[in-house]
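Chain residues, written in single-letter form:
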Amino acid sequence: MYINGRWCLSSAGLVADDVNPATGAVFAQVAQASAEDVNAAIAAAHAARTGWAAMLAGEREALLLRAADLFAAHRDALRDLIIQENGSVWIKAPWEVDYAVDCLRSAAGCIRQPHGETFPTTTPGVVSMTIRQPLGVIGGISPFNSPLLLGMKKVAFALAAGNTFVLKPSELTPLVGLKMAEIFEQAGLPPGVLNVVPGDAEVGRLLVSDERVRMITFTGSSKVGRVLAAECGRHFKRVCLEMGGKSPTVVLQDADLDYAVDAAAFGIFFHQGQVCMSNSRIIVEKPLYEAFCEKFVAKARTIRVGDPRSPETVVGPLVRESQAHFIMGQIEDAVGQGASVLTGGTHEGPYFQPTVLTGVTPAMRIYGEESFGPVTSIYCADDFDHAVHLANDTSFGLSSAVVTNDLQRAFEFAHRVESGMVHINDTTIADEPHITFGGVKNSGLGREGGEASMHEMTEVKWVTFQLGKRQFPF
Ligand SMILES: NC(=O)c1ccc[n+]([C@@H]2O[C@H](COP(=O)([O-])OP(=O)(O)OC[C@H]3O[C@@H](n4cnc5c(N)ncnc54)[C@H](O)[C@@H]3O)[C@@H](O)[C@H]2O)c1
Ligand SMILES: O=S(=O)(O)c1ccc(CO)cc1
């Protein structure tokens with residue numbers, strides 16, 4: 001692990017196997033942080049916070065830009081590691097590296113940005129202003145599905161805002177987190193500014209309960225996010241939660257059918273459906289429903305499942321075979337209650353066939369639960385209002401999409417849909433580091449990206465200055 005600028009083993013001698021999802025083979029053993037190690041990482045970040053916050057903006061900017069160039073230079077090695085540790089397919093892994101580079105450049109561009117404000121006051125002679133200051137130590141807890149992208153989105157903006165950081169990567173993808181630390185070290189990041197402590201939920205709990213950690217930034221499931229929200233509340237700690245989804249793509253009757261099929265297919269089969277924004281629900285207006293189902297199923301059947309290293313593969317392995325069993329449970333429950341599997345519905349180990357269901361009703365688990373696999377359900381909407389109702393009939397609210405060229409309908413949908421993000425004439429998957437990202441309902445609390453991150457990761461302080469002497473009443 002990486003603590004205070006040093007590479008070290010677990011003080012308790014703990015290690016865990018790192019498994020390649022594509023083969024099931026153990027390819028590394030990774031040190032696991034003990035309570036003592038987590039304490040050391042927090043102490044290092046705490047000690048480094050004043051120096052890092054005081055570093056001139058231009059110097060911090062230069063360091064992040066140097067790091068961006070180094071991540072770009074390590075593109076192939078990072079790509080290969082992401083494929084090996086995460087099972088990402090060939091089209092996704094390099095894109096993730098490019099995003100991380102872009103994220104660092106975007107964060108570097110934000111460094112001079114946390115502006116304060118000035119105010120007129122009712123007290124004569126008072127100059128009144130706000131300033132924005134770093135929070136201090138931020139703890140990051142990240143998921144497995146895009147380990148570099150999601151880790152970087154937290155680290156880059158936290159450092160840009162003048163905070164120091166302790167990252168707990170997913171137990172399924174610890175090496176990507178450690179590789180990040182290695183590259184930041186090469187860029188010249190001072191000791192203690194970024195610390196990486198691999199481990200399981202217990203490491204996350206230690207970050208949450210330590211009073212030196214002033215904010216938790218979490219990306220992961222809504223189930224864990226709910227626990228963290230309560231725990232951060234108990235510890236009066238700021239928290240940003242980026243959680244799960246059941247995002248809808250709505251296809252209106254005027255849509256270009258082939259385009260809608262392509263958009264929705266990308267929205268569910270990219271990264272084998274292990275994307276928080278995946279359109280695991282497709283809602284089609286009645287006049288197009290039958291034709292859409294036919295073409296979508298035909299497309300799903302052409303999708304190549306297999307080795308993530310092969311450029312032709314679209315759907316690689318799920319992160320673990322246990323996830324395939326979880327999804328099979330949802331499908332069996334749905335079929336047992338009358339749903340139809342139009343294609344797929346089977347798996348070999350972690351390799352899940354692209355799967356399309358119809359006839360799904362609210363009584364079925366898959367109607368409301370996230371699957372996090374290449375499985376989607378198609379619903380028939382009687383009309384536009386019914387489509388909006390179906391889109392909103394979920395406890396989640398991350399992303400949404402509407403495929404149409406009818407501007408009136410498109411903007412009406414954008415206003416009425418209960419989601420943090422809506423994409424018109426597109427699919428549900430979109431993420432750029434400088435743009436405000438996040439969900440509503442059970443999908444999120446707070447926002448990430450660009451200015452949103454800079455606000456979430458700084459504290460506002462009101463400062464006044466009395467010119468001359470104030471007249472006190474007594
Ligand atoms: N909204 C977003 O931006 C976004 C992006 C990617 C993934 N996700 C969501 O993430 C989930 C998939 O990732 P996952 O399976 O790794 O999620 P997860 O919630 O199981 O784990 C996420 C992280 O939380 C840690 N953790 C688990 N229990 C904890 C506890 N009690 N206290 C502290 N830390 C704890 C894990 O060790 C891991 O590092 C999906 O639900 C997906 O939708 C959301
Ligand atoms: O946030 S993630 O779920 O990791 C994710 C995956 C893929 C993409 C592609 O735009 C964006 C975000």
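So, how was this worked out
- Every residue gets a number counted from 1 within its own chain, in the order that chain's sequence is written.
- Here every chain gets a letter starting at A, and every ligand a number starting at 1, in the order they are written.
- Given that this is a predicted model, residues contribute local features only at a pLDDT of at least 70 and side-chain atom pairs are listed and counted only at 80 or more, while totals for whole chains, interfaces and linings are drawn from all residues.
- Working from all heavy atoms in the structure, the side-chain values ignore hydrogens and water.
- Helix numbers and strand numbers start at the N terminus; a helix is a DSSP run of H or I with at least 4 residues, a strand a run of E with at least 2.
- An expected span of 1.5 Å times one less than the residue number is assigned to each helix.
- Bend, in this description, refers to the angle at a residue between axes fitted to the seven residues ending there and the seven starting there.
- Type-normalised accessible area, obtained with a 1.4 Å probe on protein chains alone, sets the label of each residue: buried when under 20%, exposed when over 50%, and partly exposed for intermediate values.
- Two residues qualify as a contact provided that any one of their heavy atoms is within 4.5 Å of a heavy atom in the partner residue.
- Working definition: residue near molecule or strand if any one of its non-hydrogen atoms lies within 4 Å of it.
- Counting of polar contacts relies on pairs of N or O atoms within 3.5 Å, with two restrictions inside protein: one atom must be capable of donating a hydrogen and the other of accepting it, and residues adjacent in sequence are counted only when both atoms are side-chain atoms.
- Here the accessible surface of atoms and residues is derived via Shrake-Rupley with a 1.4 Å probe, and residues count as covered only by protein chains that are part of the display.
- For this classification, the nonpolar set comprises Ala, Val, Leu, Ile, Met, Phe, Trp, Tyr, Cys and Pro, the charged set comprises Asp, Glu, Lys and Arg, and every other residue, Gly included, is treated as polar.
- A domain assignment, automatic or from a database, supplies the domain bounds used here.
- Predictor confidence is given residue by residue as pLDDT, running from a minimum of 0 to a maximum of 100.
- What gets called buried area is simply the loss in accessible area from a 1.4 Å probe that two parts show on being joined, summed for both.
- The salt bridge criterion pairs a side-chain nitrogen of Lys or Arg with a carboxyl oxygen of Asp or Glu, the two atoms within 4 Å.
- In short, DSSP must find at least two bridges between two strands for them to pair.
- Viewed with both strands pointing away, a crossover whose connecting path from the first strand over the helix to the second turns clockwise is right-handed.
- Two cysteine sulfurs form a disulfide in these notes if their separation is within 2.5 Å.

### Re helix α10 (residues 286-302)
If you check α10, its first and last C-alpha atoms are 25 Å apart, about what 17 residues at 1.5 Å a residue would give, namely 24 Å. Along α10, the largest kink reaches about 30° and is centred on F292. Turning to α10, its buried residues number three or more, namely L288, Y289, F292, C293, F296, V297 and A300. Buried-residue contacts for α10 involve β12 (248-251), α9 (257-269), β13 (281-285), β14 (340-343), β17 (355-358) and β18 (375-381).

### Looking at the site of ligand 1
Contacts to ligand 1 come from 27 residues, most closely from S142, E171, S221, M243 and E370. Between ligand 1 and S142, the relevant distance is 2.8 Å, taken from an oxygen atom to a main-chain nitrogen or oxygen of the residue. Here an oxygen atom of ligand 1 sits 3.4 Å away from a polar atom, N or O, in the main chain of G220. If ligand 1 stood free it would expose 860 Å²; the protein chains cover 89% of that surface. Elements represented by at least two residues in the shell around ligand 1 include exactly α7 (201-209), β10 (213-219) and α8 (222-234). A per-element tally of the shell around ligand 1 places α7 first, with 3 residues. Along the lines of polarity and charge, the residues of the shell around ligand 1 split into 14 nonpolar, 8 polar and 5 charged. Shared between two domains, the shell around ligand 1 holds at least three residues of each, these being domain 1 (2-244 + 434-463) and domain 2 (248-424).

### What to know about the site of ligand 2
Around ligand 2, the surrounding shell consists of W95, N145, S146, L150, F270, V275, C276, M277, I429 and D431. The contact in question runs from an oxygen atom of ligand 2 to an N or O atom on the side chain of S146, over 2.6 Å. For ligand 2, whose unbound accessible area comes to 320 Å², protein coverage reaches 95%. Considered class by class, the residues forming the shell around ligand 2 number 7 nonpolar, 2 polar and 1 charged. Two domains each donate at least three residues to the shell around ligand 2, and these are domain 1 (2-244 + 434-463) and domain 2 (248-424).

### Some details on the confidence of the model for the protein
Model confidence for the protein is summarised by a mean pLDDT of 98, while 100% of its residues fall at 70 or above. Interface predicted TM-score (ipTM) for the complex: 0.96; the corresponding pTM is 0.98.

### Regarding the domain arrangement of the protein
When cut into domains, the protein gives domain 1 (2-244 + 434-463) and domain 2 (248-424). Summarising the inter-unit geometry, the C-alpha centres of domain 1 and domain 2 are found 31 Å apart. Each partner contributes residues to the interface: domain 1 has 26 residues there, and domain 2 has 33 residues. Approximately 2,500 Å² of surface area, both sides summed, lies buried where domain 1 meets domain 2, with 63% of it carried by carbon and sulfur atoms. Considering only the surface of domain 1 that becomes buried against domain 2, V89, W90 and K441 emerge as the three largest contributors, covering 21% of it. Taken together, the links from domain 1 to domain 2 amount to 1 salt bridge. Residue K441 is joined to E418 by a salt bridge in which the shortest nitrogen-to-oxygen separation is 2.7 Å. For the pair domain 1 and domain 2, the number of links is 13 residue pairs in polar contact (both at pLDDT 80 or more). It is helix α3 (residues 75-86) that contributes the most residues to the side of domain 1 that touches domain 2, 3 residues altogether.

### Focus: the pattern of salt bridges
Per the counting criterion, the structure on display carries 22 salt bridges. A salt bridge links R79 to D76; the shortest N-O distance between them is 3.5 Å. Highlighted residues: R79 and D76, both in helix α3, separated by 3 residues, approximately one helical turn. Note that R416 is salt-bridged to D385, the shortest N-O span being 2.9 Å. One end of the pair, R416, is in helix α14 (residues 407-416); the other, D385, is in helix α13 (residues 384-392), and 31 residues separate them in sequence.

### Focus: the sheet that holds strand β20 (residues 423-424)
Judged by pairing direction, the sheet is mixed, and its 7 strands sit side by side in the order β14-β17-β18-β13-β12-β19-β20 without closing on themselves. Strands at the two margins of the open sheet, each flanked by one partner only, are β14 and β20. Where β17 meets β18, 4 bridges bridge the pair, whose relative direction is parallel. Bridge pairing in β18 links T358 to I378.

### Quick word on the pairing of β10
The buried fraction of β10 amounts to 6 of the 7 residues, a majority that puts the element mostly inside the structure. Both strand β7 (residues 137-141) and β10 contribute to a ladder of 5 bridges, which runs parallel. Among the inter-strand pairings, G140 is bridged to a residue of β10, identified as T217. What joins β10 to strand β11 (residues 238-242) is α8, and the crossover it makes is right-handed.

### Structural notes on α9
With 13 residues, α9 extends 18 Å from end C-alpha to end C-alpha; this agrees with the ideal 18 Å at 1.5 Å per step. Taken residue by residue, α9 has L257, A260, V261, A263, A264, A265, G267, I268 and F269 as its buried positions. Next to the buried residues of α9 lie β12, β13, α10, β17, β18 and β19 (401-403). Where α9 begins, the capping side chain belongs to D256, and its oxygen is found 3.1 Å from the backbone nitrogen of D258.

### Considering the state of the cysteines
One pass over the structure, following the stated rule, counts 0 disulfides. Between C232, a cysteine without a disulfide, and C240, which holds the nearest cysteine sulfur, the sulfur-to-sulfur distance is 11 Å. You can see C276 has no disulfide; the closest cysteine sulfur is in C240, sitting 12 Å from it.

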